[in-house]
Amino acid sequence: MSIEPRHFMDLEDFEPEVLKKILAHAHELKAQKFNPPQILEGLSLAMMFDKRSTRTRISFEVGMKQLGGHTVILNVGDIQLSGAESLEDTANVLSRYVDAIMIRMSDHERLEEFASYCKVPVINGMTDKSHPCQIMADMMTIEEKLGGVQGKKITWLGDYNNVTKTFEQAAPIFDFELVISTPEDIAPDIANDHVSYRESPNDAVWNADVVVTDTWVSMGQEGKSIEKFMPYQVTPELMSEAADSAIFMHCMPIHENEEVSPAVLKTPACVIYDEAENRLHAQKAILAWCMKHAGVTIGAE
Ligand code: CP
């Protein structure tokens with residue numbers, strides 16, 4: 001009997017209760033970080049990249065090893081996929097060697113096609129459409145810092161990109177208010193009633209619990225003009241419009257004096273390193289959920 005692999009492609013694919021259970025397990029695994037349970041013992045993860053990465057690559061590699069598993073790193077340019085070999089053959093062959101595959105692939109549709117051929121779980125390590133592992137770590141960080149996500153006001157400033165789009169998916173799932181503030185010419189079509197748009201960054205940030213931004217020049221957009229984004233730079237003055245307990249988040253890498261001023265990074269509101277650490281714990285929980293077919297249990301289940 002064949003078992004359908006548990007892919008982790010997009011947050012909108014999930015019932016809220018599943019994602020909340022994965023997050024609960026992530027907190028459990030963080031509490032056990034010096035004595036991690038060996039729940040992935042003997043299991044292998046292939047990690048494929050067609051773009052550079054620091055956090056995604058290292059956190060998945062260390063996370064697998066902490067839980068007793070191991071990893072194989074594949075740069076797309078170094079394997080036959082970058083030549084004539086098909087997605088289908090690559091997917092079928094990898095499915096015979098490893099227990100799960102994490103991929104950073106620019107083209108989301110190509111990632112979905114690849115996953116459709118795989119017999120083992122595929123995890124989206126970021127595409128041009130979405131970055132679900134990042135937002136799981138962000139939800140975990142907000143839970144840690146503010147005691148929960150439900151009912152919070154999260155303000156996104158600057159560019160409208162794959163990370164913004166994943167926050168949009170997350171808003172109805174985790175029941176928070178998302179306010180997006182970008183230059184008017186790239187204002188998004190609002191996707192759901194948990195999301196709104198404000199052109200004015202001051203209006204958007206007013207009384208926010210979380211202020212979040214990202215680079216204005218995503219990978220592959222080098223050379224793009226950033227002039228129109230300058231009013232959306234997160235500064236101490238802008239942060240002072242947010243709630244007193246507000247936190248500042250950024251998925252990194254950061255471009256100081258572009259999307260954020262260095263002064264904000266020196267304040268207690270800045271939680272970027274906890275956010276980066278939580279990639280590790282959130283992804284361990286995602287790996288555990290995906291590898292249920294291999295007998296892995298998630299948390300207290
Ligand atoms: N935030 C993030 O995905 O970082 P990397 O590009 O370094 O993996």
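A. Fine view of the overall build of the protein. Summing up its helical and strand segments, the protein has ten helices and nine strands in all. For the protein, the C-alpha radius of gyration of 19 Å lies close to 19 Å, the compact-globule estimate for 301 residues. Principal axes of the C-alpha set define a box for the protein whose edges measure 55 × 45 × 35 Å. Long-range contacts, defined as pairs at least 24 residues apart, comprise 70% of the intrachain contacts of the protein with a sequence gap of at least 6.

B. Expanded view of the environment of T90. Looking at the secondary structure, you find T90 in helix α3 (residues 87-97). A relative accessible area of 8% places T90 in the buried class. Taking the C-alpha atoms as reference, T90 lies 8.1 Å from Q80; in sequence the two are ten residues apart. In this structure T90 touches L81, E85 and F114, once residues within four positions along its chain are discounted.

C. Highlighting the site of the ligand. Surrounding the ligand, one finds S53, T54, R55, T56, R104, H131, Q134, C251, M252 and R279. A distance of 2.8 Å is found between an oxygen atom of the ligand and a side-chain nitrogen or oxygen belonging to R104. A distance of 2.8 Å separates an oxygen atom of the ligand from a polar atom in the side chain of H131. Along the lines of polarity and charge, the residues of the shell around the ligand split into two nonpolar, five polar and three charged.

D. Region of the structure containing the packing of helix α1 (residues 16-31) against helix α10 (residues 272-290). Two numbers describe how α1 lies on α10: the axes approach to 8 Å, and their chain directions differ by 120 degrees. The angle between α1 and α10 places the two elements in the oblique class. Remark: the crossing between α1 and α10 carries right-handed chirality. Residues V18, I22, H25, A26, L29 and K30 of α1 form the contact with α10, whose participating residues are E277, N278, H281, A282, K284, A285, I286, A288 and W289.

E. Layout of the packing of aromatic side chains. In the structure shown here, the tally under the stated rule is five aromatic pairs. Relative to W289, the ring of F14 has its centre 5.2 Å away and its plane inclined at 70 degrees; by these criteria the two rings are edge-to-face. Of the two residues, F14 is situated in the segment before α1 and W289 in helix α10; the sequence distance between them amounts to 275 residues. Like W289, F14 is buried.

Calculation notes
- Residues numbered from 1 in each chain as written.
- Predicted model: local features only at pLDDT ≥ 70, side-chain atom pairs only at ≥ 80, totals over all residues.
- Heavy atoms only, no water.
- Helix = DSSP H or I, 4+ residues; strand = E, 2+ residues; numbered from the N terminus.
- Rg over C-alpha atoms; globule rule 2.2 N^0.38 Å.
- Contact = heavy atoms within 4.5 Å.
- Buried < 20%, exposed > 50% of the residue type's maximum accessible area, 1.4 Å probe, protein only.
- Near = heavy atom within 4 Å.
- Polar contact = N/O pair within 3.5 Å; in protein donor to acceptor, adjacent residues only side chain to side chain.
- Nonpolar A, V, L, I, M, F, W, Y, C, P; charged D, E, K, R; others polar.
- Axes fitted to C-alpha atoms, helices over the stretch in contact; angles between N-to-C directions.
- Parallel < 35°, antiparallel > 145°, perpendicular 65-115°, else oblique.
- Left-handed = near helix turned anticlockwise from the far one by under 90°.
- Phe/Tyr/Trp six-rings, centres within 6.5 Å; stacked < 30°, edge-to-face > 60°.

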